[in-house]
Amino acid sequence: MARMHTRRRGQSGSEKPVADEPPEWSDVDEDAIEERIVELAEQGFDPSQIGLKLRDEGVQGTPVPDVSLATGKSVTEILEENDARADVPEDLRNLMEKAVRLRDHVNENGQDHQNRRALQNTESKIRRLVDYYQGDELDEDFKYSYDVAVDILE
């Protein structure tokens, strides 16, 4: 897929191996995995960070290579079931953090036109995501602005 704000082609990524069931060396109980996911979410980790922690540290010392294979649900579905979901989706939050950093930088360095353009592109991506998430995961009347982003991130 092509990049959004450049003329270059995108990078081809690696694909996960096709598997129908978790490997036999990772025989962790589904309930233990779900408890660990909720515990990590309460500690402030995002869903992608939770997946990495489960892959690297595991549950009770046994790594979990793929949560959806082991439990039949994704990390975000498990968080929704246990009311531990974040207020703002992770991808939107990351873009807001980037936009706030860029805005602060551009305010200090007005001559930095490259970062001014990067800020415009980032805010454009944020507006697209807000349109996508409105109604489901965000309020219908949610509007992005720098002040709203700063409030959400604090």
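Everything numeric here is computed off the predicted structure, so don't read it as measured data. Every chain's residues receive numbers from 1 upward, in the order its sequence appears when written. Residue-level local features of this predicted model are given only where pLDDT is at least 70; pairs of side-chain atoms are given and counted only at 80 or more, and the full residue set underlies all totals for whole chains, interfaces and linings. Side-chain measures here rest on the full set of heavy atoms in the structure, leaving out hydrogens and waters.

## Details of a negative patch on the surface
What counts here: Grouping into patches uses exposed residues only, defined as over 30% relative accessible area, and leaves out salt-bridged ones; the cut-off is 9 Å for like charges and 5 Å for nonpolar side chains (Val, Leu, Ile, Met, Phe, Trp, Tyr). Computed by Shrake-Rupley with a 1.4 Å probe, the accessible areas treat only the displayed protein chains as cover when residues are assessed. Any carboxyl oxygen of Asp or Glu that lies within 4 Å of a side-chain nitrogen of Lys or Arg is treated as forming a salt bridge with it. In this count, Lys and Arg are taken as positive residues and Asp and Glu as negative ones, while His and the chain termini are left out. By convention, the point assigned to a charge is CZ for Arg, NZ for Lys, CD for Glu and CG for Asp. In this description a helix means any DSSP run of H or I spanning at least four residues, a strand means any run of E spanning at least two, and both kinds are numbered starting from the N terminus. Each residue is assigned to one of three classes by its accessible area relative to the maximum for its type, calculated with a 1.4 Å probe on protein chains only: buried under 20%, partly exposed between the two thresholds, exposed over 50%.
A cluster of acidic side chains, namely Asp91, Asp136, Glu137, Asp139, Glu140 and Asp141, defines a negative patch on the protein surface. Looking at the element boundaries, Asp139 is found in the loop between α6 (113-133) and α7 (146-153). Judged by its relative accessible area of 55%, Asp139 falls in the exposed class.

## Here we look at the packing of aromatic side chains
Where we set the bar: Stacked, edge-to-face and tilted are the three classes for Phe, Tyr and Trp ring pairs, Trp counted by its six-membered ring, which pair at centre distances within 6.5 Å; planes under 30 degrees apart are stacked, over 60 edge-to-face, the rest tilted.
Counting across every chain of the model gives one aromatic pair. Consider the rings of Tyr132 and Tyr133, whose centres lie 5.1 Å apart with planes at 70 degrees: the pair is edge-to-face. Its relative accessible area of 59% is what places Tyr132 among the exposed residues.

## Topic: the side chain of Glu34
Rule in force here: What makes two residues a contact is simply this: any of their non-hydrogen atoms within 4.5 Å.
If you trace the backbone, Glu34 turns up in helix α1 (residues 30-42). We classify Glu34 as buried; its relative accessible area is 15%. Apart from residues no more than four positions distant in its own chain, Glu34 is found in contact with Lys73 and Ile78.

## Considering the pattern of salt bridges
By the definition in use, this model includes 10 salt bridges. Ionic pairing is found between Lys73 and Glu34, a salt bridge with its closest N-O pair at 2.9 Å. Here the residue Lys73 occupies a position in the loop between α3 (67-71) and α4 (75-81), and Glu34 occupies one in helix α1, the gap between them amounting to 39 residues. A salt bridge links Lys53 to Glu57; the nearest nitrogen and oxygen atoms lie 3.1 Å apart. A relative accessible area of 24% places Lys53 in the partly exposed class. By sharing partners, the salt bridges in this structure join Arg36, Glu39, Lys53 and Glu57 into a single network.

## With respect to the packing of α1 against helix α2 (residues 47-56)
Note the cut-off: Every axis in this analysis is a line fitted to C-alpha atoms, fitted for helices over the stretch in contact. Angles between the N-to-C directions lie between 0 and 180 degrees. The cut-offs work like this: below 35 degrees is roughly parallel, past 145 is roughly antiparallel, 65 to 115 is roughly perpendicular, and the gaps in between are oblique. Throughout, a crossing is termed right-handed when the near helix is turned clockwise from the far one, and left-handed when it is turned anticlockwise from it by less than a right angle. Put simply, Ala, Val, Leu, Ile, Met, Phe, Trp, Tyr, Cys and Pro go in the nonpolar bin, Asp, Glu, Lys and Arg in the charged bin, and everything else, Gly too, in the polar bin.
At their nearest, the axes of α1 and α2 sit 10 Å apart, and the two run at 130 degrees to each other. Taken together, the axes of α1 and α2 lie oblique to each other. Crossing handedness for the pair α1 and α2: right-handed. Residues Ile33, Arg36, Ile37, Leu40 and Ala41 of α1 form the contact with α2, whose own contacting residues are Ile50, Lys53 and Leu54. Classifying every residue of the contact of α1 with α2 gives six nonpolar, no polar and two charged.

## Overview of the packing of helix α5 (residues 90-108) against α7
Relative orientation of the contacting elements α5 and α7 amounts to 120 degrees, with a least axis distance of 10 Å. By the angle between their axes, α5 is oblique relative to α7. Here α5 and α7 pass one another in a crossing that is left-handed. Taking contact as the criterion, the partners of Arg93, Met96, Glu97, Val100, Arg103 and Asp104 in α5 are, on α7, Tyr146, Ala149, Val150, Ile152 and Leu153. Looking at the contact of α5 with α7, its residues break down into seven nonpolar, no polar and four charged.

## A look at the nonpolar core
Note the threshold: Throughout, nonpolar core names a set of buried Ala, Val, Leu, Ile, Met, Phe, Trp, Tyr and Cys residues whose side chains join them through atoms within 4.5 Å.
Among the nonpolar cores identified, the biggest contains 16 residues, and Leu92, Met96, Ile126, Val130, Leu138 and Tyr144 are the most heavily contacted of them. When residues of this core are traced back to their parent elements, those giving at least two are α5 and α6. Broken down by element, this core gets its largest block of residues, six residues, from α5. Setting aside chain neighbours within four positions, we find Ile126 in contact with Leu92, Leu95, Met96, Ala99 and Tyr144. Grouped together as the second largest cluster of nonpolar side chains are 15 residues, Val28, Leu40, Val67 and Leu79 included.

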